[in-house]
Amino acid sequence: ADAEVAIMEKTKQKQAYAKKLMEFFVAANSSGDGLLTRSEFKAVMEDPEVRMWFSILDVDVHESTDFFELISSADGHVSAEDFIDGIAKVKGQARASDVVAIRLMSRHLQQSVEDLHALLKNFQGSVPP
């Protein structure tokens, strides 16, 4: 029974959080087209109260353009759903599993660069002057 109450409370908190994010999205989407642009986001993030609100929600938006890039799609827009999902992903501290995943990707990337470098050296050595 205690677990059920805790789950219900957590679910209510998440719903309230998503509702607040949706209210923010609607207010920030000055064009009303359902897509948040970089300029719309930047304009609303210049408000110190908005920055404080995000801080209270445990979302670091210190560099709003970098933050927008993290949550935007390739076309540079953010839908309401992507905004809410993106905020949830960047909320709070990085989990240990996130850090491990990043380190692993970094190692793979470093190995790929080293392999590419070796191939390039071999190629340069095989081309006559």
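Report on the accompanying structure. Fair warning: this is a prediction, and the values are worked out from it, not measured in the lab.

The rules we used
- Residues numbered from 1 in each chain as written.
- Predicted model: local features only at pLDDT ≥ 70, side-chain atom pairs only at ≥ 80, totals over all residues.
- Heavy atoms only, no water.
- Helix = DSSP H or I, 4+ residues; strand = E, 2+ residues; numbered from the N terminus.
- Buried < 20%, exposed > 50% of the residue type's maximum accessible area, 1.4 Å probe, protein only.
- Contact = heavy atoms within 4.5 Å.
- Areas by Shrake-Rupley, 256 points an atom, 1.4 Å probe, with all protein chains shown as cover.
- Polar contact = N/O pair within 3.5 Å; in protein donor to acceptor, adjacent residues only side chain to side chain.
- Core = buried A, V, L, I, M, F, W, Y, C linked by side-chain atoms within 4.5 Å.
- Phe/Tyr/Trp six-rings, centres within 6.5 Å; stacked < 30°, edge-to-face > 60°.
- Lys, Arg positive; Asp, Glu negative; His and termini not counted.
- Salt bridge = Lys/Arg side-chain N within 4 Å of Asp/Glu carboxyl O.

### Looking at the overall build of the protein
- Counting its regular elements, the protein contains six helices and two strands.
- The linear arrangement of helices and strands in the protein, starting from the amino end, is α-β-α-α-α-β-α-α.
- Put simply, the protein has 129 residues, and 22% of those count as buried.
- Long-range pairs, those at least 24 residues apart, make up 56% of the contacts in the protein with a sequence separation of at least 6.
- If you sum the accessible surface of the protein, you get close to 9800 Å²; carbon and sulfur atoms cover 59% of it.

### So, the side chain of Asn29
- Its place among the elements puts Asn29 in the loop between helix H1 (2–28) and strand E1 (35–37).
- Under the relative-accessibility criterion, Asn29 is labelled buried at 7%.
- From its side chain, Asn29 meets the backbone oxygen of Leu35 in a polar contact 2.7 Å long.
- Excluding residues that lie within four positions of it along the chain, Asn29 makes contacts with Gly34, Leu35, Leu36 and Glu40.

### As for the nonpolar core
- Core analysis: the largest hydrophobic core is formed by 21 residues, its most contacted members being Phe24, Phe41, Phe54, Phe83 and Ile87.
- Listed by contribution, the elements that provide at least two residues to this core are H1, helix H2 (38–45), helix H3 (48–56), helix H4 (64–71) and helix H5 (80–90).
- The element contributing the most residues to this core is H1, with five residues.
- The contact partners of Phe83, leaving out residues within four places of it in the chain, are Leu21, Phe24, Phe25, Leu36, Phe41, Phe54, Ile71 and Val78.

### Things to note about the packing of aromatic side chains
- Scanning the model with the defined rule gives six aromatic pairs in all.
- Relative to Trp53, the ring of Phe24 lies with its centre 5.6 Å away and its plane at 20 degrees, an arrangement referred to as stacked. Pair noted here: Phe24 is in helix H1 and Trp53 is in helix H3, with a separation of 29 residues, a long-range link.
- What makes Trp53 partly exposed here is its relative accessible area of 24%.
- Where Trp53 meets Phe54, the ring centres are 5.2 Å apart and the plane angle is 85 degrees; that geometry is what we call edge-to-face.
- We classify Phe54 as buried; its relative accessible area is 0%.
- Each residue in the set Phe24, Phe25, Trp53, Phe54 and Phe83 is aromatic and connected to the rest through ring pairs, giving one cluster.

### Considerations on the side chain of Glu40
- Among the secondary structure elements, Glu40 is positioned in helix H2.
- Nearest to the buried, unbridged Glu40 among oppositely charged side chains is Arg38, at 11 Å.
- One polar contact links Glu40 to Asn29, side chain to side chain, over a distance of 3.3 Å.
- A polar atom in the side chain of Glu40 sits 2.9 Å from the backbone nitrogen of Ser31.

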